[in-house]
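The chain contents come next:
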Amino acid sequence: MLFRSLLFSLIALGLFISAQAQNSIGGKKKTSIALRFNALDFGTAQQVQNGSIGSVLNAKKWGQYASTTKSFGVNYTSQYTNQVDIYSNLDLAITRSPLYAPNAITRSNEDVLTSFESGVNIKMFKGDYWVNPYVTAGLGIRTFAFRDYSAYAPVGLGLQIKTCKGSNLNITTTYSTKMSKSFVPSYNYGISYSFLLN
């Protein structure tokens, strides 16, 4: 029940911040909607927790694309300033529980993994550049089968590539940091394509 309240609070906060973004410094602010694809790497995150990034890289045990959980979703982004964007993401995946289990025999039935997050993208350059790296950070809720709720904080790096008519291609790499005991951390590799709404 606590996490459901937290989820609704997070959604409300994302909508409130997005609304405030429209009035932040005057003028017309850009808003966009995007289609997202993510690969969630639970295995590598577990190995890093048990050791270190260096030990996983040295042992050449970093997870491969085939072993990741694939998710699809939508993104809504509002421009806050010329250098800061506010975003909200909703992603869905079909996967098994537990999310990380080296022995497939221990896995139970498939169900829906849902993630919702809101946060900020802080760009390196102000203005409309063709390529613009950024730092991203936020807060999120993840649930499996709409029963088990857990909180996390996605942090990482992204690259915005301008395409045409205000659209952008975004490439991101984030780490979902555990904010509640039951959360299973993951590395997230994403790509999205956004369409300008105004």
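Look up: the structure comes first, before these words.
Everything in this summary refers to the structure shown in the same document. (Residues numbered from 1 in each chain as written. Predicted model: local features only at pLDDT ≥ 70, side-chain atom pairs only at ≥ 80, totals over all residues. Heavy atoms only, no water.)

1. Re the overall build of the protein chain
- Along the backbone of the protein chain there are three helices and eight strands.
- Secondary structure elements of the protein chain, listed N to C terminal, follow the sequence α-β-α-α-β-β-β-β-β-β-β.
- Each of the 198 residues in the protein chain was classed as buried or not, and the buried ones make up 41%.
- Restricting the contact set of the protein chain to residue pairs at least 6 apart, pairs at least 24 apart contribute 60%.
- Accessible area of the protein chain: about 10,900 Å², with a carbon and sulfur share of 64%. (Helix = DSSP H or I, 4+ residues; strand = E, 2+ residues; numbered from the N terminus. Buried < 20%, exposed > 50% of the residue type's maximum accessible area, 1.4 Å probe, protein only. Contact = heavy atoms within 4.5 Å. Areas by Shrake-Rupley, 256 points an atom, 1.4 Å probe, with all protein chains shown as cover.)

2. Some details on a nonpolar patch on the surface
- A surface patch of nonpolar side chains, about 610 Å² in accessible area, is lined by Ile33, Leu35, Val74, Tyr76, Leu90, Phe195 and Leu197.
- Elements supplying a minimum of two residues to the nonpolar patch: β1 (31-41) and β2 (69-79). (Patch = residues over 30% accessible without salt bridge, like charges linked within 9 Å, V, L, I, M, F, W, Y side chains within 5 Å. Salt bridge = Lys/Arg side-chain N within 4 Å of Asp/Glu carboxyl O.)

3. Structural notes on the side chain of Ser186
- As for its position among the elements, Ser186 is in strand β8 (residues 186-196).
- Take Ser186: its relative accessible area is 0%, and that puts it in the buried class.
- Only 3.5 Å separates the side chain of Ser186 from the side chain of Arg142, close enough to count as a polar contact.
- Ignoring anything within four residues of it in the chain, the contact list for Ser186 reads Asp41, Phe42, Ala45, Arg142, Thr174, Tyr175 and Ser176. (Polar contact = N/O pair within 3.5 Å; in protein donor to acceptor, adjacent residues only side chain to side chain.)

4. Points about the pattern of salt bridges
- For the structure shown, the criterion picks out three salt bridges.
- Salt-bridge contacts for Lys123 lead to Asp85; the nearest nitrogen and oxygen are separated by 3.0 Å. You can see Lys123 sitting in strand β4 (residues 110-123) and its partner Asp85 sitting in strand β3 (residues 84-96), a full 38 residues away along the chain.
- Accessibility expressed as a relative area gives 11% for Lys123, which makes it buried.
- A salt bridge links Arg96 to Glu110, with the shortest nitrogen-to-oxygen separation between them at 3.9 Å. Of the two residues, Arg96 sits in strand β3 while Glu110 sits in strand β4, which places them 14 residues apart along the sequence.
- Residue classification places Arg96 among the partly exposed positions, given a relative accessible area of 35%.
- A residue is classified by how much of its surface remains accessible, and Glu110, at 45% relative accessible area, is partly exposed.

5. Side note on the pairing of strand β7 (residues 168-178)
- Here strand β6 (residues 148-162) pairs with β7 via 11 bridges, running antiparallel. Across the sheet, Ile161 pairs through a bridge with Leu169, a residue of β7.
- What sits between the antiparallel neighbours β6 and β7 is a turn of five residues, in which Lys165 has the positive phi angle 55 degrees.
- Inspection of the sheet shows β7 paired to β8 by nine bridges, in the antiparallel sense. (Pairing = 2+ DSSP bridges.)

6. Describing unusual backbone geometry
- Residues other than glycine seldom take positive phi values, yet Lys60 does so here, at roughly 55 degrees.
- In this model, Ala145 sits at a positive phi of 60 degrees, which is unusual for a non-glycine residue.
- Among the structural elements, Ala145 can be located in the loop between β5 (131-144) and β6.

7. Some words on the side chain of Glu117
- Take Glu117: it is sitting in strand β4.
- Here Glu117 occupies a buried position and makes no salt bridge, while the nearest side chain of opposite charge, Arg36, is found at 4.5 Å.
- A polar side-chain atom of Glu117 sits 2.6 Å from a polar atom in the side chain of Tyr152. (Lys, Arg positive; Asp, Glu negative; His and termini not counted.)

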